[in-house]
Amino acid sequence: MKFKGKAAVWFWGIFVVGNALFLWKLIFSSNNLPELIVGMAMFEVVFLPILLRNYIFLGLGSVTVVFGIGKDSIKISDIIEVYQTHNPIASSAASLDRIVIKGRRQEIMCAVQEKQHFFVELKKRNPQIKGI
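Below is a short write-up of the structure. Model, not experiment: these values are computed from the prediction.

## Focus on the sheet that holds strand β2 (residues 54–58)
Picture the strands of a sheet paired through backbone hydrogen bonds; they go either parallel or antiparallel. Judged by pairing direction, the sheet is antiparallel, and its four strands sit side by side in the order β1-β2-β3-β4 without closing on themselves. Two strands bound the open sheet, and with one partner strand each, they are β1 (2–4) and β4 (70–75). The mean angle between the axes of side-by-side strands here comes to 15°, regardless of whether they run parallel or antiparallel. With three bridges connecting them, β1 and β2 associate as antiparallel partners.

What follows is the structure in structure tokens.
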């Protein structure tokens, strides 16, 4: 089961404003054209994958968080606790409305649009999980 990741308004704002600034500089300042093109390409390489590949896949045996070019998995049987957080620490989330999936040896932080539905489906697969 696939759950769409969450991207906050502020994250979209950074993307839109960044592109607008690059376009404005490209149109009105042709002095540094090669540098601007390289800068804009790098900006797109960072932001577009995050906005286009942002989801959580809940399989029968594992949870896989796909965020941009990165991917992380945790076995459902290893999950001890799942809880909500607004922790701003760096993670695979484009929103501060996050969840933490805590396992025996690892912890994954992500943002999902349908949190409650995700919690229900996860609990069906492992009723031992705390916090949900």
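## Comments concerning the nonpolar core
Of all hydrophobic cores here, the largest spans 18 residues; its most connected members are I56, V63, I79, I101, F118 and L122. Within the residue set of this core, elements represented by two or more residues are β2, β3 (62–67), β5 (79–85), β6 (98–103), β7 (107–110) and α3 (115–125). Element by element, the count of residues in this core is highest for α3, at three residues. Excluding residues that lie within four positions of it along the chain, I56 makes contacts with M1, K2, F3, V63, T64, V65, C110, V112 and F118. Of all hydrophobic cores here, the second largest spans eleven residues; its members include F22, M40, F67 and A94.

## Digging into the pattern of salt bridges
On inspection of all chains with the given rule, the structure shows five salt bridges. A salt bridge links K124 to E121; the nearest nitrogen and oxygen atoms lie 3.1 Å apart. Of this pair, K124 and E121 both sit in helix α3, separated by three residues, roughly a single helical turn. For E121, a relative accessible area of 10% translates into the label buried. Taken together, the shared-partner salt bridges connect K6, D97 and K115 into one network.

Procedures and definitions
Residues numbered from 1 in each chain as written. Predicted model: local features only at pLDDT ≥ 70, side-chain atom pairs only at ≥ 80, totals over all residues. Heavy atoms only, no water. Pairing = 2+ DSSP bridges. Helix = DSSP H or I, 4+ residues; strand = E, 2+ residues; numbered from the N terminus. Axes fitted to C-alpha atoms, helices over the stretch in contact; angles between N-to-C directions. Core = buried A, V, L, I, M, F, W, Y, C linked by side-chain atoms within 4.5 Å. Buried < 20%, exposed > 50% of the residue type's maximum accessible area, 1.4 Å probe, protein only. Contact = heavy atoms within 4.5 Å. Salt bridge = Lys/Arg side-chain N within 4 Å of Asp/Glu carboxyl O.

These figures capture arrangement, not role.
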